[in-house]
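Descriptive analysis of the structure
Single-letter residue listing:
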Amino acid sequence: MALHFIRRGSGSPLLLVHGIGGSCRSWSTILDALAAEHEVIAVDLPGHGASPPLAGPHTIGTLADALTAFLAEQGLLGIDAVGSSMGARLVLELARRGGVLGAVVSLDPGGFWQGWEVPFFYHSVALSQKLVTALQPVMPALMHSAAGRTALLPQFSARPWAVDAQLAQEEMHTLAHTPVFAELLDALAHGQVQQGAAKGSLPAPLVIGWGRHDRVCLPGQAPRALALFPDARLHWFAGSGHFPQWDQPAETVRLILAAVSRQPFRDEDIAGADQRPAKTPAMLGAAVAAGLLAVAGALWLLRGRRR
């Protein structure tokens, strides 16, 4: 399996694994800061970015197999790794298997939902992807508008208006054009449940980071992740949604560097003085309402074009 990847920096290697519908570009907010300390390898998962789909089914298991084969081929077995969302679940799975990764940072991992959270995750993400696909002709204009980002990104960001416009445009493009998205979304929601790792079985540090305002993998799921991975340490991103690397990039970099250094650290030092709280519900609601007007206008214009 030939996976496309980018390589930056020098030092001990560090693997970055993006989420569903993303690509190696999903890490652009923190890539340079990490590359100043490490040789960073950011991959495109099968069927994402510039990597071709697998010949068979796409599940967490088959993606984990493909990543393992890639690391073996590149001579990178034992590499420290960071994953986001679906990628966060992937690095947990590889850590559980043993012999594949070193230290692991898992940012807002999927797979720990139960009961009503399963259809909530599946249908909310599926609806977002369909809306983003329908809006592709006007997406550049929407993503370069604070109102447009506010309307389309609150599911993923606690501060959607502040997300980098170019990053947002690229993420919405890959979300709409990932050919294996529907298959993987179904596998994430309804496929095999995540297995854990017994206490004392992980030889390297495992840190799970979670956004307090995550609206994809709800914060109440964090204790379930810790129950399955009792060796893990949990770090809360107080001012972040589903993607800490979007909302709190400096804090995310500090957490990653501290975890892979294998040295003790304090959560308050990771949070730092630059913590930016999310807006209050009332302020966010007003911003979303304004953004929805922008999206409604875009849909109206798009409908007029098609006519």
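Before reading on, note that the structure itself is shown above.
Presented here is a report on the structure given in the accompanying data block. As the structure is a prediction and not an experimental result, all values here were calculated from the model.

When you go through the protein chain residue by residue, the secondary structure sums to 13 helices and seven strands. Considering the protein chain as a whole, with its 307 residues, one finds that 54% of them fall into the buried category. Sequence-distant contacts in the protein chain: of pairs separated by 6 or more residues, those separated by 24 or more amount to 75%. As displayed, the protein chain offers around 12600 Å² of accessible surface, 59% of which is attributable to carbon and sulfur atoms.

What follows deals with the sheet that holds strand 5 (residues 101-107). The strand order 1-3-2-4-5-6-7 describes an open sheet built from seven strands, whose pairing is mixed. A single partner strand is all that each edge strand has here, and the edge strands are strand 1 (5-8) and strand 7 (233-237). Between one strand and the next, the sheet's axes are offset by a mean angle of 20°, whatever the strand orientation. Where helix 3 (residues 86-97) meets the sheet, its contacts fall on strand 2 (13-17), strand 4 (79-84), strand 5 and strand 6 (206-211), and the angle it forms with strand 5 comes to roughly 150°.

Turning our eyes to something else, we now look at the pairing of strand 4. Within strand 4, six of the six residues are buried, which leaves it mostly tucked inside the rest of the structure. Side chains of strand 4 alternate between two faces, with I79, A81 and G83 and D80, V82 and S84 buried alike. Across four bridges, strand 2 lies against strand 4 in parallel orientation. Residue pairing for strand 4: L15 is matched across the bridge by A81.

Take helix 2 (residues 60-73) next. Taking 1.5 Å as the rise per residue, helix 2 with 14 residues should run 20 Å; its terminal C-alpha atoms sit 20 Å apart, in good agreement. All of the buried residues in helix 2 are I60, L63, A64, A66, L67, F70 and L71. An end-on view of helix 2 places all buried positions within 160° of arc, on one side of the element. A side-chain oxygen of the first residue of helix 2 lies 3.3 Å from the backbone nitrogen of G61; this N-cap is T59. Looking one or two residues past helix 2, G75 carries a phi angle of roughly 70°, positive in sign.

Bringing the nonpolar core into the picture now. By size, the foremost hydrophobic cluster in this structure holds 68 residues, and its most contacted members are L15 and L101. With seven residues, the top contributor of residues to this core is helix 2. Apart from residues lying up to four places away in sequence, L15 is in contact with I41, V43, L71, I79, D80, A81, V82 and L101. If you look at the next biggest cluster of nonpolar residues, it comprises 24 residues, including L16, A42, V207 and V260.

We now examine unusual backbone geometry. Trans is the prevailing form of peptide bonds, just as negative phi is the prevailing case for residues other than glycine. Even without being glycine, D108 reaches a positive phi, approximately 50°. Since its relative accessible area comes to 0%, D108 is described here as buried. Residues other than glycine seldom take positive phi values, yet R262 does so here, at roughly 65°. Tracing the backbone shows R262 in the loop between helix 11 (249-261) and helix 12 (267-271).

Below, the discussion takes up helix 8 (residues 181-190). Every buried residue belonging to helix 8 is among F181, L184, L185, A187, L188 and A189, and all of these are buried. Against helix 2, helix 3, helix 4 (117-134) and helix 7 (165-177) lie the buried residues of helix 8.

With that settled, the discussion passes to the packing of helix 4 against helix 7. Relative orientation of the contacting elements helix 4 and helix 7 amounts to 105°, with a least axis distance of 9 Å. The orientation of helix 4 relative to helix 7 falls into the category roughly perpendicular. Between helix 4 and helix 7, the contacting residues are Q129, V132 and T133 on the first element and M172, L175 and A176 on the second. Tallied by class, residues from the contact of helix 4 with helix 7 come to four nonpolar, two polar and no charged.

With that settled, consider the packing of aromatic side chains. The way to describe two aromatic rings as a pair is by their centre distance and the angle between their planes. This structure, assessed with the given rule, holds five aromatic pairs. Plain terms: the ring middles of W116 and F120 are 5.9 Å apart, the flat faces sit at 70° to each other, and that makes the pair edge-to-face. Taking the relative accessible area as the measure of exposure, F120 reaches 34% and is therefore partly exposed. Considering the side-chain rings of F243 and W246, the 4.6 Å spacing of their centres and the 35° angle between planes classify their relative orientation as tilted. By relative accessible area, F243 is classed as buried at 12%. Through a chain of ring-to-ring contacts, the aromatic side chains of F156, F243 and W246 assemble into a single cluster. For the cation-ring pair, R212 lies above W236, with the distance from its terminal atom to the ring centre recorded as 4.1 Å. The positively charged end of R233 is found above the aromatic ring belonging to F265, 3.8 Å away from the centroid.

What follows is about the packing of helix 2 against helix 3. Where helix 2 contacts helix 3, the axes come no closer than 10 Å and their chain directions differ by 70°. The pairing of helix 2 with helix 3 is recorded here as roughly perpendicular in orientation. In terms of crossing hand, the pair formed by helix 2 and helix 3 is right-handed. Residues I60, G61, L63, A64, D65, L67 and T68 of helix 2 touch helix 3, and the partners they reach there are M86, R89, L90, E93, L94 and R97. The residue inventory of the contact of helix 2 with helix 3, partitioned by class, reads seven nonpolar, two polar and four charged.

Thresholds, definitions, all that
Residues numbered from 1 in each chain as written. Predicted model: local features only at pLDDT ≥ 70, side-chain atom pairs only at ≥ 80, totals over all residues. Heavy atoms only, no water. Helix = DSSP H or I, 4+ residues; strand = E, 2+ residues; numbered from the N terminus. Buried < 20%, exposed > 50% of the residue type's maximum accessible area, 1.4 Å probe, protein only. Contact = heavy atoms within 4.5 Å. Areas by Shrake-Rupley, 256 points an atom, 1.4 Å probe, with all protein chains shown as cover. Pairing = 2+ DSSP bridges. Axes fitted to C-alpha atoms, helices over the stretch in contact; angles between N-to-C directions. Expected span 1.5 Å × (residues − 1). Arc of directions from axis to C-beta. Polar contact = N/O pair within 3.5 Å; in protein donor to acceptor, adjacent residues only side chain to side chain. Core = buried A, V, L, I, M, F, W, Y, C linked by side-chain atoms within 4.5 Å. Parallel < 35°, antiparallel > 145°, perpendicular 65-115°, else oblique. Nonpolar A, V, L, I, M, F, W, Y, C, P; charged D, E, K, R; others polar. Phe/Tyr/Trp six-rings, centres within 6.5 Å; stacked < 30°, edge-to-face > 60°. Lys NZ or Arg CZ within 6 Å of the ring centre and 35° of its normal. Left-handed = near helix turned anticlockwise from the far one by under 90°.

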